[in-house]
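Here's the letter readout for the chains.
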Amino acid sequence: MSTVIELIESGAGQLEAAGVAFGHGTANAFDEAAWLVLWRLKLPLDDIDAVADKPVSPADAAKVAALIDERIASRKPAAYLTKEAWLQGVPFYVDERAIVPRSFIAELIADGSIDYWLGEHTRRVLDLCTGNGSLAVLAALTYPDVSVDAADLSTPALEVAAINVTRHQLDARVTLIESDGLKNLPGPYDLVLCNPPYVNSASMAALPAEYRAEPELALAGGADGMDFVRQLFADAPSRMSEQAVLVLEIGNERDYFEAAFPQLEVVWLETSAGEDQVLLVTRAALASLTAP
């Protein structure tokens, strides 16, 4: 009879040999295998040591093997197989209608990195390109005195977000809005969070199958990845209050961002992936882009 750790190690070996891609909540084969094994066996996901030597029946081991095989054959992110993803210790429902939540903005909300720019004036928050609603939920949980608008162009993604808003009992404070960018969002907002489509065309063409399993609408940002961001920056000042700030994730596209907005004054924020992934910009700085 196999043990939990033996199944994890065996699964990790299979994932590694199959060349699957990671990045949707895990960064390596062992962690991915642990997620799948523990989830399939209905064991806690956060304490492998406590269950490592637990024996697993042949029937349950067969269920684990089938899930590992499905992960390899489908090339779908593990989150789509388990229908769950975690951000900052908070669980979220997710399926193929929305991108798998993994924004580094979640870290900045949780660790207070952006609190310096917030205050008593921070009452209305917008999570633009909300996807499954995870950043909107985290913002509402972290800042109990704010109301949050969670907006997305995708109706199917908003259906997923609705599941998470209700799951975390935030229907009274989080409003879901279908909007193409800021078109249906008059504001004014005191804090705007945005993890937009920012992957440039060359990178899109080279994405592993796991990323192609996600809605392309949530990833593709045009030739240089900045198509959505250009429109956002043009429209944002009119939707932001005087002291408002916008927190924007641009992934690995810093070079393209700086080429597109060479004169814009921004603050690069430290995340677990370094200082190139997320930036903060004030309303005043954005307004200077369009000033005569």
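Residues numbered from 1 in each chain as written. Predicted model: local features only at pLDDT ≥ 70, side-chain atom pairs only at ≥ 80, totals over all residues. Heavy atoms only, no water.

Let's talk about the overall build of the protein
Helix and strand counts for the protein stand at 13 helices and 11 strands. Relative to its length of 292 residues, the protein is compact, with a C-alpha radius of gyration of 20 Å against a globular reference of 19 Å. The principal-axis extents of the C-alpha atoms in the protein amount to approximately 75 × 40 × 30 Å. Residues classed as buried in the protein amount to 53% of the 292 residues present. Within the protein, counting contacts between residues at least 6 apart in sequence, those at least 24 apart form 68% of the total. Taken as a whole, the protein presents about 13000 Å² of accessible surface, with 52% of it coming from carbon and sulfur. Where the 20 positive side-chain charges of the protein centre and where its 43 negative ones centre are 7 Å apart. (Helix = DSSP H or I, 4+ residues; strand = E, 2+ residues; numbered from the N terminus. Rg over C-alpha atoms; globule rule 2.2 N^0.38 Å. Buried < 20%, exposed > 50% of the residue type's maximum accessible area, 1.4 Å probe, protein only. Contact = heavy atoms within 4.5 Å. Areas by Shrake-Rupley, 256 points an atom, 1.4 Å probe, with all protein chains shown as cover. Lys, Arg positive; Asp, Glu negative; His and termini not counted. Charge placed at Lys NZ, Arg CZ, Asp CG, Glu CD.)

Thoughts on the sheet that holds strand β8 (residues 189-194)
Each strand in a sheet pairs with another by means of backbone hydrogen bonds, the pair being arranged parallel or else antiparallel. The strand order β7-β6-β5-β8-β9-β11-β10 describes an open sheet built from seven strands, whose pairing is mixed. Strand pairing shows two members of the sheet lacking a second neighbour, β7 (174-178) and β10 (267-271), which therefore form its edges. The mean angle between the axes of side-by-side strands here comes to 20 degrees, regardless of whether they run parallel or antiparallel. This element, helix α7 (residues 134-142), spans β5 (124-128), β6 (147-152), β7 and β8 of the sheet and lies at about 175 degrees to β6. Running over the sheet, helix α11 (residues 227-235) touches β5, β8 and β9 (240-249) and is turned about 175 degrees from β9. (Pairing = 2+ DSSP bridges. Axes fitted to C-alpha atoms, helices over the stretch in contact; angles between N-to-C directions.)

Quick notes on the UniProt feature "domain: Methyltransferase small" (unreviewed entry) in the protein
Mapped onto this numbering, the UniProt entry gives "domain: Methyltransferase small" (unreviewed entry) at residues 121-202. Secondary structure across residues 121-202 divides into 29% helix and 27% strand, with the first and last C-alpha atoms of the span separated by 41 Å. (UniProt positions renumbered as here; feature names shortened; annotations may be inferred.)

Brief notes about the packing of helix α1 (residues 4-18) against helix α4 (residues 58-74)
Orientation of α1 relative to α4, taken along the N-to-C sense of each, is 20 degrees, at an axis distance of 10 Å. Between α1 and α4, the angle is such that the two are roughly parallel. Like other packed secondary-structure pairs, α1 and α4 cross with a definite hand, here right-handed. Here α1 contributes Leu7, Gly11, Gln14, Leu15 and Ala18 to the contact with α4, which in turn contributes Ala61, Val64, Ile68, Asp69, Arg71 and Ile72. (Parallel < 35°, antiparallel > 145°, perpendicular 65-115°, else oblique. Left-handed = near helix turned anticlockwise from the far one by under 90°.)

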